[in-house]
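# Geometric and topological summary
Chain by chain, the residues:
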Amino acid sequence: DAGVIQSPRHEVTEMGQEVTLRCKPISGHNSLFWYRQTMMRGLELLIYFNNNVPIDDSGMPEDRFSAKMPNASFSTLKIQPSEPRDSAVYFCASTVKPGQREDTQYFGPGTRLTVL
Amino acid sequence: AQKVTQAQTEISVVEKEDVTLDCVYETRDTTYYLFWYKQPPSGELVFLIRRNSFDEQNEISGRYSWNFQKSTSSFNFTITASQVVDSAVYFCALSEDGSGNTGKLIFGQGTTLQVKP
């Protein structure tokens, strides 16, 4: 079975440019999470969706960040305009059951974003 | 507030040594879930184990074992007879009981394990 798929795996862009990261959750999973990993802050949750509906976006750092989940098999995280401090690895994860603490989150391979 | 502490930033061992990675958590919930993930040099996050707060039995999976002790709020991870392939960053995580039973994970800062040949 395919795991969580993220694209691109690496992205290098210049400050001010728009960046779009993509995620395809595991088929049949109903919750999707976006995390960011940096040396300074470690792994932190940005936003998550249950059944395609955004539930908690309190981790989104600024209005420059936005996320959508138009259907059960696709989500995007967009940064516009990007800044050097947005450089990080962005992970997408999915779980089967919405809102269940015990459910295991399976992570994608991550997108390494570098903003020059 | 929920918190996960992995006090060991880096550990270096020689192959075949046993090594224990510590994890201490804080939560006011009576029901919670703990996880361990492995992040090898390739960067992906690999799920290792999930444990709920009602099950304090230790678990063993091959060379891996986990010791969960509610009395000390710890969920430690031991690798027996370590191998070079075990070199990775290991994260302990706590499933938070926010509003709506979210399943949001709170991660520790990670422990970098280096196993030398």
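Attention here is on the structure that accompanies the text. (Residues numbered from 1 in each chain as written. Chains lettered and ligands numbered in written order. Predicted model: local features only at pLDDT ≥ 70, side-chain atom pairs only at ≥ 80, totals over all residues. Heavy atoms only, no water.)

## Concerning the pairing of strand 2 (residues 10-14) of chain B
All names here are of chain B.
- A one-sided burial pattern is seen for strand 2, the buried positions being Ile11 and Val13 and the unburied ones Glu10, Ser12 and Val14.
- Here 5 bridges tie strand 2 to strand 12 (residues 111-116), and the two strands are oriented parallel to one another. Across the sheet, the residue bridging to valine 13 is valine 115, located in strand 12. (Buried < 20%, exposed > 50% of the residue type's maximum accessible area, 1.4 Å probe, protein only. Helix = DSSP H or I, 4+ residues; strand = E, 2+ residues; numbered from the N terminus. Pairing = 2+ DSSP bridges.)

## A few points about the pattern of salt bridges
Residues and elements named next belong to chain A.
- Throughout the structure, instances matching the rule amount to 11 salt bridges over all chains.
- For glutamate 62, the salt bridge goes to arginine 85, with nearest N and O atoms at 2.7 Å. Of this pair, glutamate 62 sits in the loop between strand 6 (53-56) and strand 7 (65-71) while arginine 85 sits in the loop between strand 8 (74-79) and strand 9 (88-95); the two residues are 23 residues apart in sequence, bridging distant segments of the chain.
- A relative accessible area of 54% means that arginine 85 is categorised as exposed. (Salt bridge = Lys/Arg side-chain N within 4 Å of Asp/Glu carboxyl O.)

## Some thoughts on the layout of surface pockets
- Quantified by volume, the largest pocket comes out at close to 590 Å³.
- Elements represented by at least two residues in the lining of the largest pocket include exactly strand 4 (31-38), strand 9 and strand 11 (111-115) of chain A together with strand 10 (88-96) of chain B.
- Broken down by element, the lining of the largest pocket gets its largest block of residues, 3 residues, from strand 9 of chain A.
- Counted by class, the lining of the largest pocket contains 9 nonpolar, 15 polar and 2 charged residues.
- Roughly 200 Å³ of volume is contained in the second largest pocket.
- Leu43(A), Glu44(A), Leu45(A), Leu105(B) and Ile106(B) are, among the 17 residues lining the second largest pocket, the residues nearest its centre.
- Classifying every residue of the lining of the second largest pocket by side-chain character gives 7 nonpolar, 5 polar and 5 charged. (1 Å grid on protein atoms, 1.4 Å probe; cavity = no way out; pocket = protein on both sides within 12 Å on 5 of 7 lines; lining within 4 Å. Points joined across faces, edges and corners; volume = space filled by probe spheres on them. Nonpolar A, V, L, I, M, F, W, Y, C, P; charged D, E, K, R; others polar.)

## Some words on the interface of chain A and chain B
- At the interface, 24 residues of chain A touch 25 residues of chain B.
- Summed over both partners, the interface of chain A with chain B buries about 1900 Å², with 52% contributed by carbon and sulfur atoms.
- Inspection of the chain A/chain B interface yields 0 salt bridges.
- If you look at where chain A meets chain B, you find 3 residue pairs in polar contact (both at pLDDT 80 or more).
- When contributions to the side of chain A that touches chain B are tallied by element, the ones reaching two or more residues are strand 4, strand 5 (42-50) and strand 10 (106-107) of chain A.
- Of all the elements, strand 5 of chain A adds the most residues to the side of chain A that touches chain B, at 4 residues. (Contact = heavy atoms within 4.5 Å. Buried area = accessible area lost by both parts, 1.4 Å probe. Polar contact = N/O pair within 3.5 Å; in protein donor to acceptor, adjacent residues only side chain to side chain.)

## Things to note about the packing of aromatic side chains
All names here are of chain B.
- Tallied over the entire structure, the rule returns 20 aromatic pairs over all chains.
- Seen from their ring centres, tryptophan 66 and phenylalanine 77 are 4.9 Å apart, and the 5° between their planes marks the pair as stacked. Taken together, the residues span a long stretch of sequence, with tryptophan 66 in strand 8 (residues 64-69) and phenylalanine 77 in strand 9 (residues 74-79) at a distance of 11 residues. Both residues of the pair, tryptophan 66 and phenylalanine 77, count as buried. (Phe/Tyr/Trp six-rings, centres within 6.5 Å; stacked < 30°, edge-to-face > 60°.)

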